[in-house]
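Listed below, chain by chain, are the residues.
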Amino acid sequence: QVQLVESGGGLVQAGGSLRLSCVASGRTFSSYTMGWFRQAPGKGREFVAAISWSGGGTYYADSVKGRFTISRDNAKNTVYLQMNSLKPEDTAVYYCAADSKAYTISIRTSYGQYGTWGQGTQVTVSS
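Summarised in this report is the structure supplied together with it. (Residues numbered from 1 in each chain as written. Predicted model: local features only at pLDDT ≥ 70, side-chain atom pairs only at ≥ 80, totals over all residues. Heavy atoms only, no water.)

Here we look at the sheet that holds strand β3 (residues 18-25)
Sheets are built from strands that pair by backbone hydrogen bonding, the pairs being arranged parallel or antiparallel. The condition that has to hold: Paired strands are those between which DSSP finds at least two bridges. Under the scheme used here, helices are H or I runs from DSSP no shorter than 4 residues and strands are E runs no shorter than 2 residues, and both carry numbers assigned from the N terminus. Only C-alpha atoms enter the line fits that serve as axes; for helices the fit covers just the stretch in contact. Angles between N-to-C directions range over 0 to 180 degrees.
Overall, antiparallel pairing links the four strands, which are arranged β1-β3-β8-β7 in an open sheet. Two strands lie at the open edges of the sheet, namely β1 (3-7) and β7 (68-73), each paired on one side alone. Between one strand and the next, the sheet's axes are offset by a mean angle of 15°, whatever the strand orientation. Where β1 lies against β3, five bridges are found, and the strand directions are antiparallel. Following the sheet pairing, Val-5 is matched in β3 by Val-23.

Quick look at the structure:
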């Protein structure tokens, strides 16, 4: 059974930084695009960033472009989200997810295209 476990969330002041990690187990991690999504209270789950299975391509939501960086270490079955210049509007539960299809040609950003999800980690940014 595939499992994704996130860590690294917490409380930080506006302008600060956090690094989220997501460790995968149970299947061939390096075959799948990995993504980060977030869900704020009362809102739907939104795409944040994704990285291709090879690590050669990345894609970001406009709201985080230039502030967040996604990366992966296939040897460690881990994907990271470095979050800098955090804003109060970044407050949300952040979820790691694996694409439901292996070796996709392009990075997919739709919630429904990701088949495996972690339990989420809370990020709170105070003003």
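Having seen the model, we can carry on.
Focus on the packing of aromatic side chains
Rule in force here: Pairing of aromatic rings covers Phe, Tyr and Trp, the last through its six-membered ring, and needs centres within 6.5 Å; plane angles under 30 degrees mean stacked, over 60 mean edge-to-face, and all others mean tilted. Only protein chains enter the accessibility calculation, which uses a 1.4 Å probe; a residue whose area is less than 20% of its type maximum is buried, one above 50% is exposed, and one in between is partly exposed. To sit over a ring, a charge needs its Lys NZ or Arg CZ within 6 Å of the ring centre and within 35 degrees of the ring normal.
Enumeration over the complete set of coordinates arrives at seven aromatic pairs. Between Phe-37 and Phe-47 the ring centres are 5.7 Å apart and the planes differ by 80°, which places this aromatic pair in the edge-to-face class. On the criterion of sequence distance, the pair formed by Phe-37 in strand β4 (residues 32-39) and Phe-47 in strand β5 (residues 46-51) is long-range, its members being 10 residues apart. Since its relative accessible area comes to 13%, Phe-47 is described here as buried. With a centroid separation of 4.8 Å and an interplanar angle of 85°, the aromatic rings of Trp-53 and Tyr-103 are classed as edge-to-face. Linking Trp-53 in the loop between β5 and β6 (58-60) with Tyr-103 in the loop between β9 (92-102) and β10 (114-117), this pair joins segments that are 50 residues apart in sequence. The ring centre of Tyr-80 lies 4.0 Å from the NZ or CZ of Arg-19, which sits over that ring.

Some words on the side chain of Thr-104
Note the following rule: Side-chain atoms alone can form a polar contact between residues adjacent in sequence; in general such a contact is a pair of N or O atoms within 3.5 Å, and within protein one must be able to donate a hydrogen while the other accepts it. Every residue pair with non-hydrogen atoms within 4.5 Å of one another is taken to be in contact.
As for its placement among the helices and strands, Thr-104 is situated in the loop between β9 and β10. A relative accessible area of 14% means that Thr-104 is categorised as buried. A polar atom in the side chain of Thr-104 sits 3.2 Å from the side chain of Thr-33. For Thr-104, the side chain forms a polar contact with the main-chain oxygen of Ser-106, separated by 3.4 Å. Each residue touching Thr-104, except ones within four places of it in the same chain, is listed here: Thr-33, Trp-53 and Asp-99.

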